Amino acid sequence: MSEEAFQKAAEEVKQLKAKPTDAEMLEIYSLYKQATVGDVNTARPGMLDFAGKAKWDAWDAKKGMSKEDAVKAYISKVEELKGKYGI
């Protein structure tokens, strides 16, 4: 998968007609972070930052996934969401 296809998917996910579920958003977030940054490189947010902890945990679950695999999974997930929610 090319960097172009990844960037296109990153733009398209912002144009969905309806907001995906929280679980879908966490999956997209974690795959994007794994593809662009790699393994988690920050400390887990504090106990009162519920959204931050959920995002961190989702990203941490992708630990060890290669950038290439994360890019492929991200593009695939965006395509799935486009089919489900429209663009």
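Only a predicted model underlies this, so the values are computations on that prediction, with no experimental measurement involved.

Q: Got a minute to help me understand the overall build of the protein in this structure?
A: Along the backbone of the protein there are four helices and zero strands. Sequence-ordered secondary structure for the protein, helices as α and strands as β, is α-α-α-α. Rg of the C-alpha trace for the protein: 13 Å, near the compact-globule value of 12 Å for 87 residues, within the 12% margin. Projecting the C-alpha coordinates of the protein onto the three principal axes gives extents of approximately 35 × 25 × 15 Å. Classification of the 87 residues of the protein by burial places 36% in the buried group. Look at the contacts in the protein between residues 6 or more apart in sequence, and 77% of them connect residues 24 or more apart. With an accessible surface of roughly 5400 Å², the protein has 55% of that area assigned to carbon and sulfur atoms. In the protein, the 15 positive side-chain charges and the 15 negative ones have mean positions that sit 3 Å from each other.

Q: What should I look at first to understand the packing of helix H2 (residues 22-36) against helix H4 (residues 67-85) in this one?
A: Two quantities define a packed helix pair, namely the angle between the axes and the distance from one axis to the other. Where H2 meets H4, the axes come as close as 8 Å, and the angle between the chain directions of the two elements is 150°. On the basis of their axis angle, the class for H2 and H4 is roughly antiparallel. Between H2 and H4 the crossing geometry is left-handed. From H2, Glu24, Glu27, Ile28, Leu31, Tyr32, Gln34 and Ala35 reach across to H4, where they touch Lys67, Ala70, Val71, Ala73, Tyr74, Lys77, Val78, Leu81, Lys84 and Tyr85. Its residues placed into classes, the contact of H2 with H4 shows 11 nonpolar, one polar and five charged.

Q: Would you take a moment to explain the side chain of Glu12 for this structure?
A: Turning to its location among the elements, Glu12 is positioned in helix H1 (residues 3-12). Once residues lying within four places of it in the same chain are set aside, the contact partners of Glu12 are Val78, Glu79, Lys82 and Ile87.

What counts and what doesn't
- Residues numbered from 1 in each chain as written.
- Predicted model: local features only at pLDDT ≥ 70, side-chain atom pairs only at ≥ 80, totals over all residues.
- Heavy atoms only, no water.
- Helix = DSSP H or I, 4+ residues; strand = E, 2+ residues; numbered from the N terminus.
- Rg over C-alpha atoms; globule rule 2.2 N^0.38 Å.
- Buried < 20%, exposed > 50% of the residue type's maximum accessible area, 1.4 Å probe, protein only.
- Contact = heavy atoms within 4.5 Å.
- Areas by Shrake-Rupley, 256 points an atom, 1.4 Å probe, with all protein chains shown as cover.
- Lys, Arg positive; Asp, Glu negative; His and termini not counted.
- Charge placed at Lys NZ, Arg CZ, Asp CG, Glu CD.
- Axes fitted to C-alpha atoms, helices over the stretch in contact; angles between N-to-C directions.
- Parallel < 35°, antiparallel > 145°, perpendicular 65-115°, else oblique.
- Left-handed = near helix turned anticlockwise from the far one by under 90°.
- Nonpolar A, V, L, I, M, F, W, Y, C, P; charged D, E, K, R; others polar.

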